Amino acid sequence: MRILVVEDEAALSRQLASALADAGYAVDCATDGERADELVEIEQYDAIILDLGLPKIDGLTLLRRWREAGMSSPVLILTARASWHEKVQGIDVGADDYVAKPFRMEEVLARLRALIRRASGQLNPELRCGPLVLDARLSKVTVDGNSVRLTSHEFRVLSYLMHHRGRVVSQAELTEHIYAQDFNRDSNTVEVFIARLRRKVGAGIIETVRGLGYRIAS
Amino acid sequence: MASLRTRLFLGAFVWMLAMAAVANVIAFLFVGPVLHNYAGRYIIVNRVTGGNEVRHIQHLLAMTSGALLLVAAGLWLIRKSLAPFNEMRNRLAAVRDGSEHTIPGNYPSEVQPLVNDLNALLDDRERAITRALATAGDLAHGLKTPLAILAQEAERAKVAGDSERATIIEQQVERMRRQIDYHLAHARATASAGAAPGVRSQVATSVEGLTRTLQRLYADRGLTIDTDVAPEHYVRVKREDLDEMLGNLLDNACKYAQSRITVTSRQSELAGIVIIDDDGPGLDPSMHTAVLQRGVRADEAAPGSGLGLAIVRDLASLYNGSITLGTSPAGGLRARLELPV
């Protein structure tokens, strides 16, 4: 799962990024509207956290532009502007959720999980595939009720595949969603993670579709 | 428009004539009048002082009515020359109650400069309010990001095991947030309730926008929000403030409702009424007035409750409206917001 944080206040941006990384997301940060626009153009984000008062291009303009261009990633507005009139504006421009500053990190994380879940059309926080259960809320994975310990990268790979069950996910797409923008990517490592995951959760769950990528049956 | 000087001069001239006529009548009646028997009828005859001329009653009548007419004309002229000042007072009252921006119309050349100065003053005042409001907004928003950072530090302190300190920081952050929200809403409403010219807002627009928004914000709750609001219902409240009042009430309803919220509106000649019902646990009737009482300061209310209602209460009263709480048909809370139309 790959998240974009658009926030111009460096300290808050760092706090958000580190909390999101701890929760198992790959995080990119943009500190102004232009940079955010560039990133959204080249990356497919699973969710975007958007501040409204941004340098260069303000958040509402940015969001309106993205929605007009057909960008469908869920967007959570995180802003100091907390009046109801501003909330209505934000939602009408195309935001999926609206949290006012100051906020509780738990709340932002919970809302983000719900957004990602709804965006992938699943209403239950528990994702299930045969004996395998992934609880996105608790970042917990169990097989036949026994919990499985995964590293954060392994969890990201499994979680992404589970959120897109039934669809073939290419190696490139997986790489993109598990590493942050500035991370040194190496698509070989995806194979390593898949191999380790198969050992931990059972070999039959992740299929390899030759030449295309991986799939978890829906 | 004729100048004030011309009008006053004309008025004074007519009055002068009127006074001359009145003096004439008085002289006729009291200076040397004789009651004379003329062919069996009494008539007043006056031998004008120093002359032999005889004046009759017809003359008296003509003179009296002439004098009355001239007095009336003089009064009318003077009234008319002072009318611009009354007009100005009425317009100024309209500016005060918010139905006019500036003082419109053409005035006599002596008054127009005064009106222009007054309009410039009103303009200055409005610009000053807008500036002050923008500054208040910037201050509020500028404080919230640092507060958010502090709140995150508190969470980290808690994780690190210093939960006592974390709790203190969290409480103070929450208090500051409430102060900011409350006073910002207050500043906005005070400015707009006083200075907004003849604003009217459609109730349905606000209700629909807020319903869309709340459906998103509470997407996981699966709530049904039924609205029955006629498109012709308007209230004399600025859109932002109407959104703020209804938003807080609807948000409250969404928080406590089990599954269904109903919004209805009614309108009489004097007031527009919006009723918001939920099917949640409701409030004990003894609390219905208590939670709205003055003196319960918003920033002192318990966390998570009261602030929204306090904002609604204060905004409504700034607009000469009111909010009352009761029990909904489903046993939950009913909020009834009444605003001027």
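Residues numbered from 1 in each chain as written. Chains lettered and ligands numbered in written order. Predicted model: local features only at pLDDT ≥ 70, side-chain atom pairs only at ≥ 80, totals over all residues.

**Student:** Sorry if this is basic, but what is going on with the interface of chain A and chain B here?
**Tutor:** As a measure of interface size, the accessible area lost when the parts come together is often cited. On the side of chain B, 26 residues touch chain A, which itself brings 24 residues to the contact. Sorting the residues of the side of chain A that touches chain B by element identifies helix H1 (10-22), helix H4 (84-93), strand E5 (97-100) and helix H5 (105-119) of chain A as the ones contributing at least two each. Considering only residue class, the side of chain A that touches chain B consists of 12 nonpolar, four polar and eight charged. (Contact = placed C-beta atoms within 7 Å. Helix = DSSP H or I, 4+ residues; strand = E, 2+ residues; numbered from the N terminus. Nonpolar A, V, L, I, M, F, W, Y, C, P; charged D, E, K, R; others polar.)

**Student:** I tried to follow the sheet that holds strand E7 (residues 132-135) of chain A on my own but got confused; where do I start?
**Tutor:** Backbone hydrogen bonds are what pair the strands of a sheet, in a parallel or an antiparallel way. Residues and elements named next belong to chain A. The four strands are arranged E6-E7-E8-E9 in an open sheet whose pairing can be described as antiparallel. This sheet does not close on itself; its edge strands, each paired only once, are strand E6 (126-129) and strand E9 (146-148). The sheet shows a mean angle of 25° between the axes of neighbouring strands, taken without regard to direction. (Pairing = 2+ DSSP bridges. Axes fitted to C-alpha atoms, helices over the stretch in contact; angles between N-to-C directions.)

**Student:** Sorry, what's going on with the pairing of strand E4 (residues 75-79) of chain A here?
**Tutor:** Note on strand geometry: in a regular strand, side chains alternate between the two faces of the sheet. All names here are of chain A. For E4, the tally of buried residues reaches five of five residues, placing the bulk of the element in the interior. Because side chains alternate across E4, one face comprises the buried residues Val75, Ile77 and Thr79, and the other comprises Leu76 and Leu78, equally buried. Two strands pair when backbone bridges link them, and strand E3 (residues 47-50) and E4 are joined in this way by three bridges, in the parallel orientation. Across the sheet, residue isoleucine 49 finds its bridge partner in E4, namely leucine 76. Note on the crossover from E3 through helix H3 (residues 59-68) to E4: the handedness is right-handed. Taken together, the four bridges between E4 and E5 define a ladder with parallel strand orientation. The residue of E5 that forms the bridge with isoleucine 77 is tyrosine 98. (Buried ≥ 20, exposed ≤ 12 C-beta atoms within 10 Å, placed from the backbone. Right-handed = clockwise from strand over helix to strand, strands pointing away.)

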